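Structural overview for review
Listed below are the residues making up each chain.
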Protein chains: 2
Amino acid sequence: MNFKDEMAKRTMQIEEIILRFLPEEKGYQKTVIEAMNYSILAGGKRLRPMLLQETYKMFHGEEGLEEPFMAALEMIHTYSLVHDDLPCMDDDEYRRGRKTTHAVYGEGMAVLAGDALLNFAFETAVTAFSRTENAQGMERVYRALSILAGKAGIFGMIGGQTADIEAENIGSEVTQDQLLFIYGYKTAALIQSAMMIGATLAGASDEELSKIETCAYSVGIAFQIQDDILDITGSLEVLGKQTGSDEKNHKSTYVALNGMERAKAEVERLSEEAAGILSSFDNRNEFLEALIKQLITREK
Amino acid sequence: MNFKDEMAKRTMQIEEIILRFLPEEKGYQKTVIEAMNYSILAGGKRLRPMLLQETYKMFHGEEGLEEPFMAALEMIHTYSLVHDDLPCMDDDEYRRGRKTTHAVYGEGMAVLAGDALLNFAFETAVTAFSRTENAQGMERVYRALSILAGKAGIFGMIGGQTADIEAENIGSEVTQDQLLFIYGYKTAALIQSAMMIGATLAGASDEELSKIETCAYSVGIAFQIQDDILDITGSLEVLGKQTGSDEKNHKSTYVALNGMERAKAEVERLSEEAAGILSSFDNRNEFLEALIKQLITREK
C-alpha cells in the first residue's frame, strides 16, 4: 500500500475511535452537545491523534491506553479552533468551506461548546485509568495527563495564542525570539503533546521522552514555517502575484523576518534534525517517519 | 471563636492556598496570566474550596491531597464567571463592584483567560498525584479527577448553563423539571464536586460518597432557591417594591413557578435533609454543618 492510501486508511480508523468517545445528543443540554459534535466532525486528517498513535506503536505500546488520549487531543485542538474563530478573536465565518461553530449556533453557544470540548477532553483522557490495573500503568496515565494539560495551557498552546495576539498589536516590531515563542507554543506544543503522550503511555524512558520532545519541536516549527512559505508560493500559483494572506494581514512570519531562502533552508535543517532523532532509536516506525516527512515538505 | 470569625479565618487560609498555585506573571504570555490572576483574586468567600476541605477533614483526610483540588475548583468556578460575563453571554461590565475581566483586558483576552483557567485547573489538580506514593492514593486522585471533570462539564455545570440559555429563549414556558435540571447542574454540580472530591480524597466508601452527593445536591438546590427568595425580599427592603432583578429580566425562578410560601418550605425541607445526612455519619464536622446551615438560611 502506498503512503497516501495508508494515510487515508488510518484517518478513517481514527475517525471511528473519536466517534466512540463523543457524547450522545440528548437532554436539556442537547444544543451544546450538537455544537461540540458539529465542531469536531468537521473532517481533517486527524494529524495529532495519528502522531500520538504512531509514537505509541513505535514504543511498542499495547495496553490500549492511547485511544482516550487520541480523542482528547483532537477535542483540545478543536476547541482552540472554535474559540479562535469567534468574532472577538479572528472573526471567521468559514473554515475549510464550512460555517464555523458560532456562525451556526451563535456566539454564546460557541463559547460554551469550546469550553465543553476542553472540559470533555479531560473527562475523556481520565477514563484511561480504567484501562489499566497496575501501578505502572496508572503512573503512565498520570504523566500523560500532565503532558496533555501542560502543553495545552499557558506554558503551551494558550501561551502561544496570547503572544500571537500581542504580536499583532505591535506588527513589524516582532522579534525572531518572539516569533519562535509563538510557533513553538501555538503550533509545536500540540505536536509535542501528541508524540510525548504516545511515548509516555508506551513506557518510554525519560531520555527517550526528551528526544521525542525535541523531535516534535522541530516538526512543529518546520510545519509552521512551511505554512508561511506555502501562503506565499500558493498565492503566487493561484493569483499570479506573490502576496499571501499573511502579508495582507500584516502578520509577521518567518519568511517576512528572514526571507524565502533562509526559510526554506530552515525547514530543510529542521526536517533532517527530526528524521535524525527518529532514526537514532532501535525501535523504528516507518509510517511515522514518512508521515513527518510529508507534513514538513507538503506542497499544499 | 464564633462562626463568623471561624469563617473569616478559614477564608484567609484558603486564600493563601490558592495564591500558592497561581502562575507567575512573566514571559510573552504575561497578559493572559495577569487576566487569570485578576479574575481569581476578586475576593469572595471561597465556599467551594471550603466545602471541599471541610468534607476532607470530616473523613479524616490527612495526606494533603486536597490543596491542589481546592485551587482547581476555584479556578473552574472563576472561569465560568469570566465567560458568563462576556458580551455574548450575560454582558456584565461589573461584578461585585469590580470591572469584569473583559472590561479590563478586552473580549479576546477574556475568552483566553477563561480557557487558561479551566486548563490550569486540570494542570493543578493533576499535581496531586505527586503528593502520594501508593496505589491507593493514586486511585483516590484519579477518582477525584473524574468528579472534577464530570461535574464541571456537559453532565454538570456546562450542561446547566446550556439549559439556562435555552430556558431564557422560551421564558415563562419553563417547566419545573427543566428548572430543577438547571439548578441541579448550574449551581449544585460544583457544590457536589467540592464535597465529593473532599470525601473521595479522604477515602470515603462508595456508600458514603453517594450520601454526600445527595446531601450536596440538597445544599445546592436550597442555596439557589434561597437566592431567588432573596432577589425578591432583598429588593423589597431596598426599593420598597417586590420586584427583583430576576422578574425584571423575565427569568423563570422557583419562586415564580411555585410561589414564595412553597419556595420557603422547600428550602426548609432541603436544609433538614442535608443536615440529617450529615448527622447520620459517625464522623462529624461541626464547622461544616454550621457552614451549610448558614449557606442555606443566609439573609443576604
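Quick caveat, the model's predicted, so the values are computed rather than measured.

**Some thoughts on the packing of aromatic side chains**
Per the counting criterion, the structure on display carries 14 aromatic pairs over all chains. Centre to centre, the rings of F59 of chain B and F281 of chain B are 5.4 Å apart; their planes meet at 85°, and the pair counts as edge-to-face. Of this pair, F59 of chain B sits in the loop between α3 (47-58) and α4 (66-84) while F281 of chain B is found in the loop between α12 (254-279) and α13 (286-297), placing the two residues 222 residues apart along the sequence. Classification of F59 of chain B as buried rests on a relative accessible area of 8%. Relative accessible area serves as the criterion here: at 7%, F281 of chain B is assigned to the buried category. Positioned over the ring face of F281 of chain A is K211 of chain A, at 4.5 Å from the centre of the ring.

**Some remarks on the nonpolar core**
Within the largest apolar cluster, 200 residues are counted, with the highest numbers of intra-cluster contacts made by F69 and I76 of chain A together with F69 and I76 of chain B. The residues contacting I76 of chain A, other than those within four sequence positions of it, are L118, A121, F122, L148, A152, M157 and L190 of chain A.

**Side note on the relation of the copies chain B and chain A**
For these two chain copies, the linking operation is a rotation about an axis paired with a shift along it. Superposition of chain B onto chain A requires a rotation of 180° combined with a translation of 0.0 Å along the rotation axis, giving an RMSD of 0.0 Å. The transformation relating the two chain copies, once decomposed into turn and shift, fits a two-fold axis. Among all C-alpha atoms of chain B, that of A135 of chain B lies closest to the rotation axis, at 3.0 Å. Comparing contact sets, 100% of the residues at the interface of chain B also lie at the interface in chain A, consistent with an isologous, same-surface contact.

**So, unusual backbone geometry**
Despite not being glycine, D91 of chain A shows a phi value in the positive range, around 55°. Residue position: D91 of chain A is located in the loop between α4 (66-84) and β1 (94-95).

Reading the values: rules and limits
Residues numbered from 1 in each chain as written. Chains lettered and ligands numbered in written order. Predicted model: local features only at pLDDT ≥ 70, side-chain atom pairs only at ≥ 80, totals over all residues. Heavy atoms only, no water. Phe/Tyr/Trp six-rings, centres within 6.5 Å; stacked < 30°, edge-to-face > 60°. Helix = DSSP H or I, 4+ residues; strand = E, 2+ residues; numbered from the N terminus. Buried < 20%, exposed > 50% of the residue type's maximum accessible area, 1.4 Å probe, protein only. Lys NZ or Arg CZ within 6 Å of the ring centre and 35° of its normal. Core = buried A, V, L, I, M, F, W, Y, C linked by side-chain atoms within 4.5 Å. Contact = heavy atoms within 4.5 Å. Least-squares fit on C-alpha atoms with pLDDT ≥ 70 in both.

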